[in-house]
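Results of the structural survey
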Amino acid sequence: MEGIERLLDCARQGNAEALRALYHRFLPGIFGYMATRVPDRATAEDLTSDVFLQMVEGIHHLRAEDEAGFTAWLLRIARVTVAGYYRKREKQPAHLSLPGPAWEPTHAESLLLLESHAEADPVQWTQAREDWQAVVKAINHLTEEQRQVLVGRLILGYDVATVAHMLGKKANAVKALQFRALQSLQRQLGKPRSPMPALQKQQKEEGE
Amino acid sequence: MKPLEERLNDRLEQAGWGSGRTGQHPAGFTLPVREREHDWEVDELVALARRLQQAYQLQVAPDFARRLERRMVRRYAELQLQRGSRRRSFCSLLRARPALSAVLGLCLLFCLVSTSVLALAAQVSDPTSPLYGLKRWEQQVQLQLSGSPADQATLDLQFARDRLKTLPSLADTAHARAYRRALADLDQQVHAAAAAITELPGGAQQTHLAGELARLQRDAIHVLRGLLARLALPEQLGTTNELARLGDTVPLVRQAALTLPAHPHARATISFTGLDLQPGAHLLVDGNVSEETGTLQHGQMVFVLDGNGNQHPHSLGMLNPDGTATETTAITIKGAGTSGTPGGNQNDNGNKPTVTPTPHGNKPPVTPTPHGNQPSATPTPHH
């Protein structure tokens, strides 16, 4: 893969291909961040779109030179976008809504899900949706740093040193944040009822 | 045993996380049963992390990814076009209206020149330079724009220090005029600072600024005393006056008395009364240095001179061994029973000077000594 530094340079100079490459590299991370912060997929997609459009607007003025700096910048935009979303939602008048689709899989997701869990049925999907809402709630209870560590480590696949550079912290601090984040999630989600029973089952099968 | 967070991280690293394999499920995730049994707490966290990572809710829908990519690239292209057109429109405006571009060019040139001149003026230290006036103006503007009396006093002190710094470079005969002007500026600035500090209300700030002023005065005295030896007599006189105003102890002549001899071949005496007179001083007659040295007698400095001259002194003074110089025009001339009033002199009783003439006339003569143009006061036989 082309170096992020070079891609950044090219994107700043107006190279659309470089911008595309950056987008593909960071889309999973940003979408993952959004998906863990808001209760439904449609909102997560809207907010992800906002982040990348803001990236396009601001990339010419960006000072970050390396991957960690660029990731930190994107996650900052994401955090502000989510905060704006919740602020706006607080101001809106309360209204009754029918049970929404929330994390009901789209057609593509359904295929994805069916592919990995052929036995999954709508009951399981509903269960999964409710479970995921519990996950989102639990993740929203984490600190921003803990969330960013999880995104960096679990979704973007960065090593501890890169995440430490991204957050401006030491490696040990990142390890502690990672541990506390997972521990807190485990505490809030509860051991008996795991967040993803279907996935748990799959894991068991893989173990065997 | 390692702490939990270290063990958890080790397990995650062993599972292949953080190796840059984004979107891939960790390989080799399961550890040997024995180790896992001993680390069940870490196992549970690792399992949770894995479930989170694999959750389909975190996977991007390919449809959405394509749509967003198209939207983003379109927006990027629009922005590129806008940027280009902004640049182009400005250039085309300039091309279409040459007068506008000429005016803009002139404005730019004016700004450039003014900034350069102001920057140059700020560096000028020679008071005779044409840019020095501009520098003073800049400083006046700064003073007027200063927000509070304390800021004004601080600026006054800063400008006074600035003047003091320029003096050593002007302390030679070639820069006599510039030196005198810089000295006058220093005096003015020190007094402005003192006045500004006096007007401040009492308090820590006033005490601090008063301390700064005292330090400036001490520094100024030290610098000016060091310059005395390099200066010509007029600048020495000016510097001595400034030293006195800064609070330094310098010899000060209040009055001079010229006693003319009774006959032409006798010797005249000049005695000075004043403060802090120093033995070994040289006599100054009308701004010229005599080789005669004075002696202190009963608190007066006395000079004995040859008696063959015919000039009348307008000023008498002393050049002291430490380089300070002082002079006076308050001269009392004493002779054998008569008195006169040479121009500009004063006597003990009022503004009109008194001359005590010689037996041969009423004009006391002062003539140069045989060593040059240094005068000595002598009675004239006929006048």
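Structural data are supplied above this passage.
Note that the structure is a prediction, hence the values are computed from the model and not measured.

1. A look at the sheet that holds strand 4 (residues 288-293) of chain B
All names here are of chain B. With antiparallel pairing, the 4 strands of this open sheet are ordered in space as 4-3-7-8. Each edge of the open sheet carries a strand with a single partner, namely strand 4 and strand 8 (325-328). Across this sheet, the average inter-strand angle for adjacent strands is 25°, counted without regard to direction. Sheet topology note: the strand 3 (residues 282-285)/strand 7 (residues 316-319) ladder contains 4 bridges and is antiparallel.

2. Things to note about the pairing of strand 2 (residues 268-275) of chain B
In this sheet, strand 2 of chain B lies alongside strand 1 (residues 252-259) of chain B in antiparallel orientation, the contact comprising 7 bridges. Residue pairing across strands places A256(B) opposite F272(B), the latter belonging to strand 2 of chain B.

3. Comments concerning the side chain of D248(B)
Residue and element names in this part refer to chain B. Mapping D248 onto the fold places it in the loop between helix 10 (233-245) and strand 1. Overall, D248 belongs to the buried group, its relative accessible area being 19%. Setting aside its immediate chain neighbours within four residues, D248 contacts I221, R225 and L243.

4. Quick look at the nonpolar core
Counting residues in each nonpolar core, the largest one holds 78 residues, and the members touching the most others are L22(A), F26(A), F52(A), F70(A) and L185(A). For this core, the leading source of residues is helix 2 (residues 16-35) of chain A, giving 11 residues. Those residues in contact with F26(A), other than ones at most four positions away along the chain, are I4(A), F52(A), E67(A), F70(A), T71(A), L74(A), L156(A) and Y158(A). A178(B), L200(B), L213(B) and L224(B) belong to the second-largest nonpolar core, a separate cluster that totals 30 residues.

5. Considerations on the pattern of salt bridges
A full pass over the atoms with the stated rule returns 24 salt bridges over all chains. Note that R163(B) and D162(B) form a salt bridge whose closest N and O atoms lie 3.6 Å from each other. Between D187(B) and R245(B) there is a salt bridge, with the nearest N and O atoms lying 3.0 Å from each other. Taken as a pair, D187(B) in helix 8 (residues 176-199) and R245(B) in helix 10 lie far apart in primary sequence, 58 residues in all. The class for R245(B) is partly exposed, based on a relative accessible area of 46%. Here the residues in one salt-bridge network are D9(A), R12(A) and E65(A), joined through shared partners.

6. Observations regarding helix 3 (residues 41-58) of chain A
All names here are of chain A. Helix length check: helix 3, at 18 residues, gives a terminal C-alpha distance of 25 Å against a target of 26 Å (1.5 Å per residue), a fit within 8%. Most of helix 3 is tucked away, with 13 of its 18 residues classed as buried. Capping of helix 3 at its N-terminal end is provided by D40; its side-chain oxygen lies 3.4 Å from the backbone amide nitrogen of A42.

How each quantity is defined
- Positions within a chain are numbered from 1, following the residues in the order the chain's sequence is written.
- Chains and ligands are labelled sequentially in the order written, the chains with letters from A and the ligands with numbers from 1.
- The predicted origin of the model limits local features to residues at a pLDDT of at least 70 and limits the giving and counting of side-chain atom pairs to 80 or more, whereas totals for whole chains, interfaces and linings rest on all residues.
- Excluded from the side-chain calculations are hydrogens and water; all other atoms, namely the structure's heavy atoms, are used.
- Paired strands, as defined in this entry, are two strands with at least two bridges between them according to DSSP.
- By definition, any uninterrupted DSSP run of H or I lasting at least four residues is a helix, any uninterrupted run of E lasting at least two residues is a strand, and each is numbered from the N terminus.
- In this description, a line fitted to the C-alpha atoms serves as the axis of each element, helices being fitted only across the stretch in contact, and the angle between N-to-C directions of two axes falls anywhere from 0 to 180 degrees.
- Only protein chains enter the accessibility calculation, which uses a 1.4 Å probe; a residue is then buried when its area is under 20% of its type maximum, exposed when over 50%, and partly exposed in between.
- Whether two residues are in contact is decided by their heavy atoms: any pair within 4.5 Å suffices.
- Buried residues of nine kinds, namely Ala, Val, Leu, Ile, Met, Phe, Trp, Tyr and Cys, make up a nonpolar core once their side-chain atoms join them within 4.5 Å.
- The term salt bridge refers to a side-chain nitrogen of Lys or Arg lying within 4 Å of a carboxyl oxygen of Asp or Glu.
- Each residue after the first adds 1.5 Å to the expected span of a helix.
- In the analysis that follows, any N or O atom pair within 3.5 Å is treated as a polar contact, provided that within protein one partner can donate a hydrogen and the other can accept it, and provided that, for residues neighboring in sequence, both atoms belong to side chains.

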